[in-house]
Amino acid sequence: LIVLNELFRDGFIVTKLPTDEADRILEVIKGDTFVPDRPGSPDIAFWETDNPSQNQSVPEVYQAFVEALGRSEFTNHIRCHMGNWSRVNVMLQRGKAGDSMEWHHDSYDPMHMVCLAYFGEDGWCPEDGGQLEIGEGDVGEEGFLLDQSAVRVRASISPNHGTLVWMLNTNPRWVHRVTEIQCTKTRYTLIGQFGYRENVLRTRVSEKYGPTWR
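Residues numbered from 1 in each chain as written. Predicted model: local features only at pLDDT ≥ 70, side-chain atom pairs only at ≥ 80, totals over all residues. Heavy atoms only, no water.

### Here's the deal with the packing of helix α2 (residues 19-30) against helix α3 (residues 60-70)
Argument step 1. Where α2 contacts α3, the two axes come as close as 11 Å, and the packing angle between them is 150 degrees. On the basis of the axis angle, α2 is roughly antiparallel to α3. At the point where α2 passes α3, the crossing takes the left-handed sense. Across the interface between the two elements, E21, R24, I25, V28 and I29 from α2 touch V61, Y62 and F65 from α3.
Argument step 2. Taken together, the residues of the contact of α2 with α3 sort by class into six nonpolar, no polar and two charged. (Axes fitted to C-alpha atoms, helices over the stretch in contact; angles between N-to-C directions. Helix = DSSP H or I, 4+ residues; strand = E, 2+ residues; numbered from the N terminus. Parallel < 35°, antiparallel > 145°, perpendicular 65-115°, else oblique. Left-handed = near helix turned anticlockwise from the far one by under 90°. Contact = heavy atoms within 4.5 Å. Nonpolar A, V, L, I, M, F, W, Y, C, P; charged D, E, K, R; others polar.)

Set out below in C-alpha coordinates:
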(Lines give C-alpha, C1' and ligand atoms only; values in the text may rest on other atoms or scores of the structure.)
Protein backbone atom coordinates (compact mmCIF):
# COMPACT_ATOMS: atom_id res chain seq x y z
CA LEU A 1 0.00 0.00 0.00
CA ILE A 2 2.79 2.43 0.89
CA VAL A 3 4.62 1.66 -2.35
CA LEU A 4 1.48 2.25 -4.43
CA ASN A 5 0.82 5.55 -2.66
CA GLU A 6 4.35 6.69 -3.49
CA LEU A 7 4.09 5.53 -7.10
CA PHE A 8 0.81 7.30 -7.81
CA ARG A 9 1.68 10.40 -5.78
CA ASP A 10 5.23 10.96 -7.03
CA GLY A 11 5.17 9.09 -10.33
CA PHE A 12 8.08 6.83 -9.33
CA ILE A 13 9.46 4.49 -6.68
CA VAL A 14 12.97 3.15 -6.02
CA THR A 15 13.64 -0.48 -5.09
CA LYS A 16 16.66 -2.78 -5.00
CA LEU A 17 17.58 -6.08 -6.65
CA PRO A 18 19.05 -8.91 -4.58
CA THR A 19 22.84 -8.68 -4.84
CA ASP A 20 23.27 -12.10 -6.44
CA GLU A 21 20.72 -11.26 -9.14
CA ALA A 22 22.37 -7.90 -9.86
CA ASP A 23 25.80 -9.57 -10.04
CA ARG A 24 24.48 -12.20 -12.47
CA ILE A 25 23.13 -9.62 -14.91
CA LEU A 26 26.26 -7.46 -14.61
CA GLU A 27 28.48 -10.35 -15.70
CA VAL A 28 26.38 -10.76 -18.85
CA ILE A 29 26.45 -7.03 -19.56
CA LYS A 30 30.24 -6.87 -19.25
CA GLY A 31 30.51 -9.47 -22.00
CA ASP A 32 28.17 -7.58 -24.34
CA THR A 33 29.21 -5.32 -27.23
CA PHE A 34 28.40 -1.61 -27.28
CA VAL A 35 28.47 0.93 -30.09
CA PRO A 36 28.55 4.74 -29.94
CA ASP A 37 25.30 6.66 -30.12
CA ARG A 38 25.12 10.44 -30.51
CA PRO A 39 28.21 12.33 -29.24
CA GLY A 40 27.94 12.95 -25.52
CA SER A 41 25.29 10.24 -25.09
CA PRO A 42 25.71 6.77 -23.57
CA ASP A 43 26.79 3.91 -25.84
CA ILE A 44 24.07 1.45 -26.81
CA ALA A 45 24.09 -2.34 -27.14
CA PHE A 46 24.86 -3.49 -30.68
CA TRP A 47 21.56 -5.41 -30.83
CA GLU A 48 19.38 -2.33 -30.32
CA THR A 49 17.30 -0.74 -33.05
CA ASP A 50 16.17 2.87 -33.53
CA ASN A 51 12.62 1.81 -32.75
CA PRO A 52 12.71 -0.33 -29.58
CA SER A 53 9.16 -1.53 -30.18
CA GLN A 54 10.40 -3.33 -33.28
CA ASN A 55 13.55 -4.84 -31.78
CA GLN A 56 13.54 -8.57 -32.43
CA SER A 57 17.17 -9.22 -31.41
CA VAL A 58 17.14 -8.76 -27.62
CA PRO A 59 19.28 -11.49 -26.00
CA GLU A 60 17.12 -13.95 -24.10
CA VAL A 61 18.80 -13.28 -20.76
CA TYR A 62 17.80 -9.60 -20.89
CA GLN A 63 14.33 -10.29 -22.27
CA ALA A 64 13.59 -12.83 -19.55
CA PHE A 65 14.93 -10.55 -16.81
CA VAL A 66 12.85 -7.56 -17.95
CA GLU A 67 9.71 -9.63 -18.47
CA ALA A 68 10.10 -10.97 -14.92
CA LEU A 69 10.32 -7.39 -13.65
CA GLY A 70 7.10 -6.65 -15.53
CA ARG A 71 5.34 -9.46 -13.67
CA SER A 72 6.62 -8.37 -10.24
CA GLU A 73 4.58 -7.12 -7.29
CA PHE A 74 5.22 -3.51 -8.23
CA THR A 75 3.06 -3.86 -11.35
CA ASN A 76 0.31 -6.04 -9.88
CA HIS A 77 -2.15 -3.21 -9.33
CA ILE A 78 -1.87 -1.88 -12.88
CA ARG A 79 -2.07 -5.33 -14.45
CA CYS A 80 -5.09 -6.29 -12.34
CA HIS A 81 -6.95 -3.26 -13.68
CA MET A 82 -5.66 -3.14 -17.26
CA GLY A 83 -4.50 -6.68 -18.03
CA ASN A 84 -1.07 -8.15 -18.69
CA TRP A 85 1.35 -6.13 -20.78
CA SER A 86 0.90 -6.60 -24.52
CA ARG A 87 4.27 -5.07 -25.36
CA VAL A 88 7.66 -5.06 -23.62
CA ASN A 89 10.65 -3.05 -24.87
CA VAL A 90 14.23 -3.75 -23.77
CA MET A 91 17.26 -1.45 -24.18
CA LEU A 92 20.78 -1.38 -22.75
CA GLN A 93 23.11 1.62 -22.33
CA ARG A 94 26.68 2.13 -21.15
CA GLY A 95 27.44 5.57 -19.72
CA LYS A 96 31.00 6.86 -19.40
CA ALA A 97 32.76 10.10 -18.47
CA GLY A 98 31.25 13.06 -20.30
CA ASP A 99 27.96 11.35 -21.16
CA SER A 100 24.60 12.84 -20.22
CA MET A 101 20.96 12.92 -21.33
CA GLU A 102 18.64 15.93 -21.55
CA TRP A 103 15.19 16.12 -20.02
CA HIS A 104 12.84 13.79 -21.88
CA HIS A 105 9.73 11.66 -21.58
CA ASP A 106 9.83 8.06 -22.82
CA SER A 107 7.14 8.54 -25.43
CA TYR A 108 7.60 5.23 -27.27
CA ASP A 109 4.03 4.24 -27.91
CA PRO A 110 2.31 2.82 -26.01
CA MET A 111 4.44 2.32 -22.89
CA HIS A 112 2.65 2.66 -19.58
CA MET A 113 5.51 2.01 -17.13
CA VAL A 114 9.30 2.20 -17.31
CA CYS A 115 11.82 0.40 -15.10
CA LEU A 116 15.45 1.53 -15.10
CA ALA A 117 17.82 -1.11 -13.71
CA TYR A 118 21.34 0.08 -12.85
CA PHE A 119 24.43 -2.12 -12.79
CA GLY A 120 28.12 -1.52 -12.24
CA GLU A 121 29.49 0.15 -9.16
CA ASP A 122 28.31 1.38 -5.77
CA GLY A 123 29.22 4.57 -4.00
CA TRP A 124 27.91 7.03 -6.61
CA CYS A 125 27.47 10.53 -5.22
CA PRO A 126 26.15 13.75 -6.82
CA GLU A 127 29.71 14.95 -7.46
CA ASP A 128 30.28 11.91 -9.68
CA GLY A 129 27.47 12.99 -11.99
CA GLY A 130 25.45 10.29 -13.73
CA GLN A 131 22.51 11.03 -11.45
CA LEU A 132 19.00 10.22 -12.63
CA GLU A 133 16.94 13.33 -12.02
CA ILE A 134 13.16 13.22 -12.16
CA GLY A 135 11.34 16.47 -12.74
CA GLU A 136 8.10 18.15 -13.69
CA GLY A 137 7.72 20.56 -16.59
CA ASP A 138 5.09 22.25 -18.71
CA VAL A 139 4.18 20.68 -22.04
CA GLY A 140 2.50 21.86 -25.21
CA GLU A 141 -0.60 20.44 -26.85
CA GLU A 142 1.37 17.56 -28.35
CA GLY A 143 2.87 16.57 -25.01
CA PHE A 144 6.43 17.83 -25.52
CA LEU A 145 8.39 20.00 -23.07
CA LEU A 146 8.10 23.71 -23.66
CA ASP A 147 11.23 24.79 -21.77
CA GLN A 148 14.06 22.48 -20.69
CA SER A 149 15.41 25.14 -18.34
CA ALA A 150 12.13 25.45 -16.46
CA VAL A 151 11.83 21.83 -15.30
CA ARG A 152 11.39 21.53 -11.52
CA VAL A 153 13.61 18.76 -10.10
CA ARG A 154 11.64 16.46 -7.79
CA ALA A 155 14.24 13.75 -7.11
CA SER A 156 17.87 12.83 -7.76
CA ILE A 157 18.82 9.14 -7.68
CA SER A 158 22.30 7.61 -7.71
CA PRO A 159 22.78 4.72 -10.20
CA ASN A 160 24.22 2.30 -7.65
CA HIS A 161 24.53 -1.39 -8.50
CA GLY A 162 21.17 -3.16 -8.38
CA THR A 163 19.04 -0.04 -8.04
CA LEU A 164 15.64 -0.18 -9.76
CA VAL A 165 13.65 2.96 -10.56
CA TRP A 166 10.02 2.40 -11.53
CA MET A 167 8.29 5.29 -13.30
CA LEU A 168 4.74 5.75 -14.50
CA ASN A 169 4.95 6.87 -18.11
CA THR A 170 1.44 8.16 -18.77
CA ASN A 171 2.00 11.82 -17.86
CA PRO A 172 4.42 13.69 -20.18
CA ARG A 173 4.79 16.46 -17.57
CA TRP A 174 6.95 14.02 -15.61
CA VAL A 175 10.33 13.88 -17.32
CA HIS A 176 13.81 12.63 -16.45
CA ARG A 177 17.43 13.26 -17.39
CA VAL A 178 20.95 12.05 -16.59
CA THR A 179 23.49 14.55 -15.34
CA GLU A 180 26.90 14.56 -17.00
CA ILE A 181 29.18 11.80 -15.70
CA GLN A 182 32.18 13.44 -14.03
CA CYS A 183 34.04 10.31 -12.90
CA THR A 184 35.62 7.20 -14.39
CA LYS A 185 32.88 4.84 -13.20
CA THR A 186 30.84 2.97 -15.78
CA ARG A 187 27.08 3.34 -15.62
CA TYR A 188 25.14 0.44 -17.14
CA THR A 189 21.38 0.87 -17.54
CA LEU A 190 19.02 -1.91 -18.59
CA ILE A 191 15.70 -0.33 -19.54
CA GLY A 192 12.36 -2.09 -19.53
CA GLN A 193 9.27 -0.40 -20.96
CA PHE A 194 5.85 -1.98 -20.43
CA GLY A 195 2.63 -1.06 -22.17
CA TYR A 196 -0.50 -1.84 -24.12
CA ARG A 197 -1.08 -1.67 -27.85
CA GLU A 198 -4.49 -0.10 -27.25
CA ASN A 199 -3.19 2.67 -24.95
CA VAL A 200 -4.63 5.99 -26.11
CA LEU A 201 -2.09 8.09 -24.19
CA ARG A 202 0.26 8.48 -27.13
CA THR A 203 1.87 11.32 -29.07
CA ARG A 204 2.07 11.68 -32.85
CA VAL A 205 2.09 7.91 -33.32
CA SER A 206 1.33 7.76 -37.04
CA GLU A 207 4.04 10.34 -37.72
CA LYS A 208 6.60 8.29 -35.78
CA TYR A 209 5.74 4.78 -36.89
CA GLY A 210 3.59 5.17 -39.99
CA PRO A 211 -0.12 4.45 -40.59
CA THR A 212 0.29 0.70 -39.95
CA TRP A 213 1.77 1.08 -36.42
CA ARG A 214 -0.84 -1.26 -34.89
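So, next bit.
### Some thoughts on the nonpolar core
Argument step 1. Among the nonpolar cores identified, the biggest contains 31 residues, and I29, Y62, F65, L92, F119, W166 and L190 are the most heavily contacted of them.
Argument step 2. When contributions to this core are tallied by element, the ones reaching two or more residues are α2, α3, β4 (87-95), β6 (111-119), β9 (163-168) and β11 (187-195).
Argument step 3. The residues touching Y62, leaving out its near neighbours within four places in the chain, are V28, I29, D32, W47, V90, L92 and L190. (Core = buried A, V, L, I, M, F, W, Y, C linked by side-chain atoms within 4.5 Å. Buried < 20%, exposed > 50% of the residue type's maximum accessible area, 1.4 Å probe, protein only.)

### What about the sheet that holds strand β10 (residues 174-178)?
Argument step 1. The four strands are arranged β5-β10-β7-β8 in an open sheet whose pairing can be described as antiparallel. The open sheet has two free edges, formed respectively by β5 (101-104) and β8 (152-157), since each of these has just one partner strand. Direction aside, neighbouring strands of the sheet carry axes that sit 20 degrees apart on average.
Argument step 2. Sheet analysis places strand β7 (residues 132-136) next to β8, joined by five bridges and oriented antiparallel. (Pairing = 2+ DSSP bridges.)

### Notes on α2
It helps to recall that an α-helix has 3.6 residues per turn; residues three or four apart then point in one direction.
Argument step 1. Between its terminal C-alpha atoms α2 stretches 16 Å, which fits the 16 Å expected from 12 residues at 1.5 Å a residue.
Argument step 2. Along α2, the residues classified as buried are A22, I25, L26 and I29. The buried side chains of α2 occupy one side of the element, clustering within an arc of 105 degrees when seen end-on. Looking at α2, the residues exposed on the side facing more than 90 degrees away from the buried face are D20 and E27. (Expected span 1.5 Å × (residues − 1). Arc of directions from axis to C-beta.)

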